[in-house]
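# Reading the structure
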Amino acid sequence: MQVNRVPVHIVVPTYNEAQNVSNLLDKIFELGLDNMHVLIVDDNSPDNTADIAKSYSESKNFSVSILKRDSKSGLGTAYVQGFQEVLRQFSREEGFVVQMDADLSHDPEYLPQMIELLNQNDVIVGSRYYHGGGSDEEWGLYRKLLSEGGNKLIRFVSGLKVKDCTSGFKVFKLEVLREICWDKIRCVGFGFQVEIAMQCQRKGFQIKEYPIIFSDRKAGKSKMSTSIIFEAIFKITLARFSSFGLIPRFRSNS
Ligand SMILES: Nc1nc2c(ncn2[C@@H]2O[C@H](COP(=O)(O)OP(=O)(O)OP(=O)(O)O)[C@@H](O)[C@H]2O)c(=O)[nH]1
Ligand SMILES: [Mg+2]
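A brief report on the enclosed structure follows.

This paragraph deals with the overall build of the protein. Helices and strands together make up the secondary structure of the protein, namely 8 helices and 9 strands. Taking 254 residues into account, the globule formula puts the C-alpha radius of gyration at 18 Å, and the protein, at 17 Å, falls close to it. For the protein, buried positions account for 50% of its 254 residues. Across the protein, contacts joining residues at least 24 apart in sequence account for 81% of those joining residues at least 6 apart. Accessible surface computed for the protein: about 12,600 Å², of which carbon and sulfur atoms make up 51%. For the protein, the centre of its 32 positive side-chain charges and the centre of its 31 negative side-chain charges are spaced 7 Å apart.

Below is the structure:
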């Protein structure tokens, strides 16, 4: 596969990212990669993220589409809807699909190397815990321990081999997403990142980690909450047990 010829679809969920979205689009399109398209999945952000993204991309002639949903429904469901939209539009073509946050914690400058690695792999995970990776230098010890401890706990529960199992910065071959069972995804929030990685591992796709430095958001507010963390731990435990056939399949709409 000639990686530099293959279309790249970048899916970005947004909720109140007006202060970040134009900057993110600049950084993505400054890379100058051919055939790159951004799909923003916005949950009717009160700060008009979607309108800002639309008018900015039109003024710069960037290839950006917006999928607007009625109300805040979680980043996991935003990704599922965004990926399904890419699959619907490009049902037969080759392609790569990137998932990344809008708050610039995931630096677009890593994308060319991550995409290149798809020559020999199916999924690339931007990893804070792979040799050479790391988190924001300004993080205190408590935040670092909390983040690393949470990742280790979820890694144990999920059985994932990748070191950064909660990473939200990934690149997939489009054919990998064609194999995902979307109705088995239970998490509405960030636990989605773990569930999709679990399915990729179980289906035997070649997964490679690429070291990234994860920087803290400089603008806007985090949407992370305790309930989203508990949802991830609870539903990933259920997903693991059901993968052993120990409990019947369970699905929640909450
Ligand atoms: N469409 C949509 N996007 C969301 C939702 N919640 C979060 N996001 C987006 O998902 C990405 C990650 O959200 P953050 O709030 O930065 O959460 P995080 O990166 O896991 O946590 P922090 O490290 O605290 O920033 C950002 O681009 C958000 O705008 C949601 O309910 N709907
Ligand atoms: Mg963030």
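Next comes the rest of the account.
Take the layout of surface pockets next. Taken as a whole, the largest pocket holds about 1,200 Å³ of empty space. Considering the residues around the largest pocket, the lining is formed by 43 residues, among which Asp-101, Phe-190, Phe-214, Ser-222 and Met-224 are closest to the centre. The set of elements that each furnish at least two residues to the lining of the largest pocket consists of strand 1 (8-14), helix 3 (75-89), helix 5 (141-158) and helix 8 (226-243). With 7 residues, helix 5 is the single largest residue contributor to the lining of the largest pocket.

Within the structure, ligand 1 sits among 19 residues, and Glu-17, Asp-43, Asp-103, Ser-222 and Lys-223 are positioned closest to it. The backbone of Tyr-15 places a nitrogen or oxygen atom 3.0 Å from an oxygen atom of ligand 1. Between Gly-74 and ligand 1, the recorded distance is 2.8 Å, taken from a backbone N or O atom to an oxygen atom. A total of 630 Å² of accessible area belongs to ligand 1 in isolation, and the protein chains cover 91% of it. A molecule is said to occupy a pocket when more than half its atoms come within 2 Å of that pocket's grid points, and by this definition ligand 1 occupies the largest pocket. Mapped onto the shell around ligand 1, the elements with two or more residues apiece are strand 1 and helix 3. Tallied by class, residues from the shell around ligand 1 come to 7 nonpolar, 4 polar and 8 charged.

Along the polypeptide, Lys-235 turns up in helix 8. Of note is the side chain of Lys-235, whose polar atom sits 3.2 Å from the backbone oxygen of Arg-186.

Okay, the packing of aromatic side chains next. Under the defined criterion, the tally for this structure stands at 9 aromatic pairs. Between the aromatic rings of Tyr-56 and Phe-62, the centroid separation amounts to 6.3 Å while the plane-to-plane angle is 65 degrees, which identifies the pairing as edge-to-face. Like Tyr-56, the residue Phe-62 is buried in the burial classification. For the ring pair Phe-83 and Phe-172, a centre distance of 5.8 Å and an interplane angle of 75 degrees mean the geometry is edge-to-face. Placement of Phe-83 in helix 3 and of Phe-172 in strand 7 (residues 170-173) is noted, with a sequence separation of 89 residues between them. Classification of Phe-83 by relative accessible area gives buried; the value is 0%.

Taken across its 5 residues, strand 5 (residues 123-127) has 5 buried, putting it largely inside the fold. Covered by surrounding structure in strand 5 are Val-123, Val-125 and Ser-127 together with Ile-124 and Gly-126, the residues of both alternating faces. Taken together, the 3 bridges between strand 5 and strand 7 define a ladder with antiparallel strand orientation. Bridging across to strand 7, Val-125 finds its partner in Lys-170. Sheet topology note: the strand 5/strand 8 (residues 207-211) ladder contains 5 bridges and is parallel. Note on strand 8: the bridge partner recorded for Ile-124 is Lys-208.

A few words on the environment of Pro-108. Looking at where Pro-108 falls in the secondary structure, it is placed in the loop between strand 4 (96-99) and helix 4 (111-116). Once residues within four sequence positions are removed from consideration, Pro-108 is found in contact with Leu-24, Lys-27, Ile-28, Leu-31 and Met-100.

Spatial ordering of the open sheet is given by 3-2-1-4-7-5-8, a layout of 7 strands whose pairing is mixed. This sheet does not close on itself; its edge strands, each paired only once, are strand 3 (64-68) and strand 8. Neighbour-to-neighbour, the strand axes of the sheet open up by a mean angle of 20 degrees, direction not taken into account. Where strand 1 meets strand 2 (residues 36-42), 7 bridges bridge the pair, whose relative direction is parallel. If you follow Val-12 over to strand 2, its bridge partner there is Ile-40. On the sheet, helix 2 (residues 49-60) packs against strand 1, strand 2 and strand 3 and is oriented at approximately 160 degrees with respect to strand 3.

Reading guide: rules and limits
Counting restarts for each chain, with residues numbered from 1 along the sequence as it is written. Written order decides the labels, with chains lettered from A and ligands numbered from 1. It should be noted that, the model being predicted, local features are given only for residues of pLDDT at least 70 and side-chain atom pairs only at 80 or more, the latter also being counted only at that level, while totals for whole chains, interfaces and linings use all residues. Only heavy atoms go into the side-chain values, all of them from the structure, while hydrogens and water stay out. Helix numbering and strand numbering both begin at the N terminus, where a helix is a DSSP run of H or I of at least 4 residues and a strand a DSSP run of E of at least 2. Atoms considered for the radius of gyration are the C-alpha atoms alone. The globule rule reads 2.2 Å times the number of residues to the power 0.38. Accessibility here uses a 1.4 Å probe with only protein chains present; expressed as a share of the type maximum, an area under 20% marks a residue as buried, one over 50% as exposed, and anything in between as partly exposed. Residues count as neighbours in contact if any of their non-hydrogen atoms are within 4.5 Å of one another. Each accessible area is a Shrake-Rupley result for a 1.4 Å probe, and residues are judged covered by the shown protein chains and nothing else. When charges are tallied, Lys and Arg are placed among the positive residues and Asp and Glu among the negative ones, while His and the ends of the chain are skipped. All charge positions are set by atom: Lys at NZ, Arg at CZ, Asp at CG, Glu at CD. Every definition here rests on a 1 Å grid over the protein atoms only: cavities are sets of points where a 1.4 Å probe fits but cannot get out, pockets are open sets enclosed by protein on both sides within 12 Å along at least five of seven lines, and lining residues have some atom within 4 Å of a point. Grid points are joined across faces, edges and corners, and a volume is the space filled by probe spheres set on the points. The criterion for a residue being near a molecule or strand is simple. One of its heavy atoms has to lie within 4 Å of it. Polar contacts here mean pairs of N or O atoms no more than 3.5 Å apart (in protein, one a potential hydrogen donor and the other a potential acceptor; neighbouring residues in sequence count only if both atoms are side-chain atoms). Those molecules having more than half of their atoms within 2 Å of a cavity or pocket grid point set are described as sitting in that cavity or pocket. Each residue gets one label: Ala, Val, Leu, Ile, Met, Phe, Trp, Tyr, Cys and Pro are nonpolar, Asp, Glu, Lys and Arg are charged, and the others, such as Gly, are polar. Each Phe, Tyr or Trp ring, with Trp reduced to its six-membered ring, pairs with another whose centre is within 6.5 Å; inter-plane angles below 30 degrees give stacked pairs, above 60 give edge-to-face pairs, and intermediate values give tilted ones. When DSSP finds two or more bridges between a pair of strands, those strands are recorded as paired. For helices, the axis comes from a line fit to the C-alpha atoms of the stretch in contact; other axes are also lines fit to C-alpha atoms, and the angle between any two N-to-C directions lies between 0 and 180 degrees.

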